[in-house]
Structure formats: C-alpha cells, structure tokens
Amino acid sequence: MPEQHVDVLIVGAGISGIGMGAHLKMECPGKTYLILERRRSIGGTWDLFRYPGIRSDSDMFTFGYGFRPWHETQILADGTSIREYVEATAAEYGVTDRIRFGIKVVKASFSTETARWTIDAIDEATGEQQRFTADFFMPCTGYYDYDNGYRPEFPNEDAFQGRIVHPQHWPEDLDYAGKKVVIIGSGATAVTLVPAMADTAGHITMLQRSPSYILSLPAEDKISAGMRKVLPKSVVYKLSRARNIGMQRAIYALAKARPNLVRSIVQKGAERSLKGAADIKHFTPKYDPWDQRLCIVPDGDLFRVIREGKADIVTDTIASFTETGIRLDSGETLDADIIVTATGLTVQLLGGTTVEVDGEPITPSQGATYKGVLLDGVPNAAIVFGYINASWTLKADLAAHYVCRLLNHMDEHGYTQVVARTTEADREEGSMLGALSSGYVKRGEAQLPRQGVAGPWRLTHSYLRDVPMLRRSPIDDGVLTFSRDRSDAANPTTRPRASA
C-alpha cells in the first residue's frame, strides 16, 4: 500500500494533539506533521461527551493553552465553548489542514535499523487500509477508552422497564422532561448532571456508594473582570493564570499536609450551602481530600437544586434493579423512568494502538516515563499525560514544548534516534497515578506506567517543578541515549548512562 512520510505523526485531535500541532508550528516550523483523528471532528473529549451540563472541572485560565489566552471570565467553561476554543486554536495555527479525520490507528512499529516508525491505520468509513511513516510518534489520545465507559453489570437490570444510559454515549433523543431520573455515581459527571437536568426532569436522585468532596466556586471570575477595567486583557490573563496555578498547588499541598483542616473547610462550605436540606453524611467521604479529585460546582448549583427539592442524594448500595427502578441493600426502593450510570471511565493508553519496537510488543505498564513525557524503552516517541491535581493542559503545554526542544536538539546534533531506558531499580511497584485512589485509577492500575523512584522517572504532579525541568534543563542530561546514523541506530555510541 502507498505510504505517506512526515517528520512527526500525532494521534488524536483533542486538546493535547491540537496543542502539539500548534507548538510544532511555532517552535519547529521546518517539521512536517500529520494528526490522525478517529472521530470526524476536532475536540477529543469535548467532542465525545455531549451529556447535559458538561463542563471543565478546572478553571479556564489554566485549562486553556498558555500560548492562546482564554479571555472569558467564566471559571468552568461548558463543553461547547471548550470545543469551539480548540477548533479556533487549530484554525489559527494552521493545524486543521494537517488533520486526517476518520482514521483509526491500529499498529505502530519502530525499526531501530531505519530509526523510523511505520503506522498502520484504517479509514473506518471505507475500510481502506492506510500506512504512514514518521521519524517521531506522538500518541495524544488521553488515558481512557473512547468506545467503552466503565459500566458494571447490576443484578436483574434486564427487568428494568425504563431506559439505561451512560454519559459517555448520551442519546440525542433522550427525553427526560418530567421524568424520574436516578443517576448512579458521585464523581464530577454525576454532580454536573444533577443540576443540569433538575430543572427539566420531574425529580433527580443521585445514588452514591460513597460520597465525594464537593466544593462550590463562583461561576464568574469577578476579580479578573474587575482588573479588566484598569488593565489590558493580556496582563489580566497572565496575572489570573499565575494566581490560579498557585492556588491549585497550594490547595493540593494543604490537603496533603493538613487533610483534617481541608476536610473541615469543604464540609462546612457544603453545610452552609445546603441550609439543612440534606444530611451532611452524604458529603462526608471516608478518604482524605485529594486522595481523589475534588468535585467543583459553580455557584453551588448542586446544593441549590437539593435545597429546592428538585434533587436528593442517597448513599447506599444496589441490591438489584426492579421493573420500576432500584432496590437498595437497605431495603429502600428508588423509582425511576431513566437510570444514568455515571460510573466512570475505562483506562486505555495509546488509544488502544498496538506498539512494537523491532517486532517486540511494548507494554507501558512494565516501564516508567521519562519526565512524564518519553516512554520507557520506546525510541522517538512521546506521550501527553496531564496532571491529577491541576489542569490537564498545563502539562500538555509543557510536554509539547519539551518535545520541540528535543527535536531541535536532535536536528542540531544530527541525531536520528533518542530513547530513555529505566532499570528495575528506577521503578516502583505503584503506577504513575498511584497518588489517587479513584475507581478508574484502581481499575486501570495494571495498564499504567510505573512511578519512578527518583530523578526524571518520578512524577511529582507539580507544575512548578516541571517548568524548570521541561523548559530549561539540558536535553542531553546523561540519561537519554542518542544515535546519529541510521545504520548505527541499533548500536549507538553515546556517553554512559548517568544515575537517575
């Protein structure tokens, strides 16, 4: 089959892939690249998820790209606004024309003899097989399965006479006006759905096995809006972004250092917002703050619909489904016309692509990551994996910038191949997301790369630490192995590997 060659091949036209394309345009203007996107439009997560009320769970001053400021004062933007922002970024930086839509990547193989990737793909509309080659491979596919959300099987669910839906595949024709709705789950999706549906539905019940920490923030950034009256938008953006980065880090650090204090602050806020409309036990998790991500609700919208009697929260476990709803282990029954299973994600790395190096399959969970960007033992390849405790895009921007620095360094010195390799002593048993106890992390533990013991292998999940490491530290740090000649790629002659 005919092949198309580019310097860099990116998989995924979501916020990470579009950001990577823009960074290549700005920092590596001589590089050719393509983005292969399985869907028919730009947006990734923000194109896939279309459930009511979908929004960011990070503030937009830090969730937006650092190179293309978000100037609205909305703190948590809705999904449509984010998708339009990503589309506009792609158009402005000439990325849109480099995207091939409807293309599913199935296999990526690297040859150390040629220092080149071969990527096999399929046009899902026609079934046509396609092949691409590239010097550098960048899966920007996130960390979850786009086809299958996590959906446990519940006892006797076939008996239920209503409709069961998962937020990851929200039906366009779902009419919930005046209906009784039970939403199973307590994470960010559930706390978004409840207030978004409550004004239309007959009644909403959020059924949770265990509570989450829920924190109310203003919907609009009034401080930034006020600063705009006296300062240019560009200055307001820089100040607001720096402020929010600092606040994110400070809250996380305080939660880890003084969990009881943060627990008290969050729960007292929930009590004030509820005004006695619900028992605080439904907002009292058994785990410490930031063992799982905090759930943010703008202007306390979840608390509002509970106070107004449009929604309630039940903490219990499911005994079985019935014809008319759910029977709980406590013996209580919940009537429902519609059941929404907001039960989470299924972890999947590399978009499900099979990756090989010289014919040997690569299993990411057997290695670590170098600076959270390069894959252990995989030459000329990088991934984008955002923060667990701050905006995803903060790390995506840093990772893209680092890859551009790496590519420019290789060009400057005539290198054709780079690889990072750990030893067993560099890796811990736990995964790179081991700091979180969230259900999707625990379920996907076996698929995730390992956490590193120290040095560039250890993820700190700290933007303030990553900035100097990814923006300013030397590329050739004695850990990476470089090769100059393609013919010598399998037996590189480089300086000895330094201790990590």
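Here, every reference points to the structure presented above.
Residues numbered from 1 in each chain as written. Predicted model: local features only at pLDDT ≥ 70, side-chain atom pairs only at ≥ 80, totals over all residues. Heavy atoms only, no water.

Chemist: Explain the layout of surface pockets to me, please; I cannot follow it from the model alone.
Modeler: Taking a probe equal in size to a water molecule and rolling it over the atoms shows the remaining empty space. Empty space within the second largest pocket amounts to approximately 630 Å³. Along the walls of the second largest pocket sit 28 residues, with Asp-59, Leu-217, Met-247, Gln-248 and Ile-251 positioned nearest its centre. Of all the secondary structure elements, the ones that give two or more residues to the lining of the second largest pocket are α3 (60–63), β10 (214–217), α6 (222–227) and α7 (233–257). In terms of residue count, the dominant contributor to the lining of the second largest pocket is α7 (5 residues). Looking at side-chain class alone, the lining of the second largest pocket contains 14 nonpolar, 7 polar and 7 charged residues. (1 Å grid on protein atoms, 1.4 Å probe; cavity = no way out; pocket = protein on both sides within 12 Å on 5 of 7 lines; lining within 4 Å. Points joined across faces, edges and corners; volume = space filled by probe spheres on them. Helix = DSSP H or I, 4+ residues; strand = E, 2+ residues; numbered from the N terminus. Nonpolar A, V, L, I, M, F, W, Y, C, P; charged D, E, K, R; others polar.)

Chemist: Even after reading the chapter, I still don't get the pattern of salt bridges, so can you show me in this structure?
Modeler: It is possible for side chains bearing opposite charge to pair when their charged atoms get close. Evaluated as defined, the whole model comprises 24 salt bridges. Between Arg-38 and Glu-124 there is a salt bridge, with the nearest N and O atoms lying 3.0 Å from each other. Of this pair, Arg-38 sits in the loop between β2 (33–37) and α2 (45–48) while Glu-124 sits in the loop between β5 (116–123) and β6 (129–139), and the two are 86 residues apart along the sequence. Of the residues examined, Arg-38 reaches a relative accessible area of 32% and is grouped as partly exposed. A relative accessible area of 40% places Glu-124 in the partly exposed class. Its salt-bridge partner being Arg-55, residue Asp-301 comes within 3.1 Å of it at the nearest N-O pair. On the criterion of sequence distance, the pair formed by Asp-301 in helix α9 (residues 301–307) and Arg-55 in the loop between α2 and α3 is long-range, its members being 246 residues apart. With respect to class, Asp-301 is no different from Arg-55; both count as buried. Each member of the salt-bridge network shares a partner with another, and the members are Asp-199, Arg-304, Glu-308 and Lys-310. (Salt bridge = Lys/Arg side-chain N within 4 Å of Asp/Glu carboxyl O. Buried < 20%, exposed > 50% of the residue type's maximum accessible area, 1.4 Å probe, protein only.)

Chemist: Whenever I open this one, the side chain of Asp-47 confuses me. Can you help?
Modeler: Mapped onto the fold, Asp-47 is located in helix α2. Asp-47 gets classed as buried once you look at its relative accessible area, which sits at 6%. Polar side-chain contacts of Asp-47 include one of 2.7 Å to the side chain of Arg-39. Within the structure, the side chain of Asp-47 is placed 2.7 Å from the side chain of Arg-50, a separation counted as a polar contact. Once residues lying within four places of it in the same chain are set aside, the contact partners of Asp-47 are Arg-39, Ser-41, Ile-42 and Arg-83. (Polar contact = N/O pair within 3.5 Å; in protein donor to acceptor, adjacent residues only side chain to side chain. Contact = heavy atoms within 4.5 Å.)

Chemist: Could you clarify how one ought to interpret the packing of aromatic side chains in this entry?
Modeler: How two aromatic rings sit relative to each other is set out by the distance from centre to centre and by the angle between their planes. Summed over the entire model, instances satisfying the criterion amount to 23 aromatic pairs. Measuring from ring centre to ring centre gives 5.0 Å for Trp-117 and Phe-137, while their planes differ by 40°; the resulting arrangement is tilted. Taken as a pair, Trp-117 in strand β5 and Phe-137 in strand β6 lie far apart in primary sequence, 20 residues in all. Overall, Trp-117 belongs to the buried group, its relative accessible area being 0%. Ring geometry for Tyr-252 versus Trp-290: centroids 5.6 Å apart, planes at 75°, classification edge-to-face. Within this pair, whereas Tyr-252 is found in helix α7, its partner Trp-290 is found in the loop between α8 (259–274) and β11 (295–298), the two being separated by 38 residues in sequence. Residue class for Trp-290 comes out buried when judged on its relative accessible area of 8%. (Phe/Tyr/Trp six-rings, centres within 6.5 Å; stacked < 30°, edge-to-face > 60°.)

Nothing here speaks to function; it is geometry throughout.
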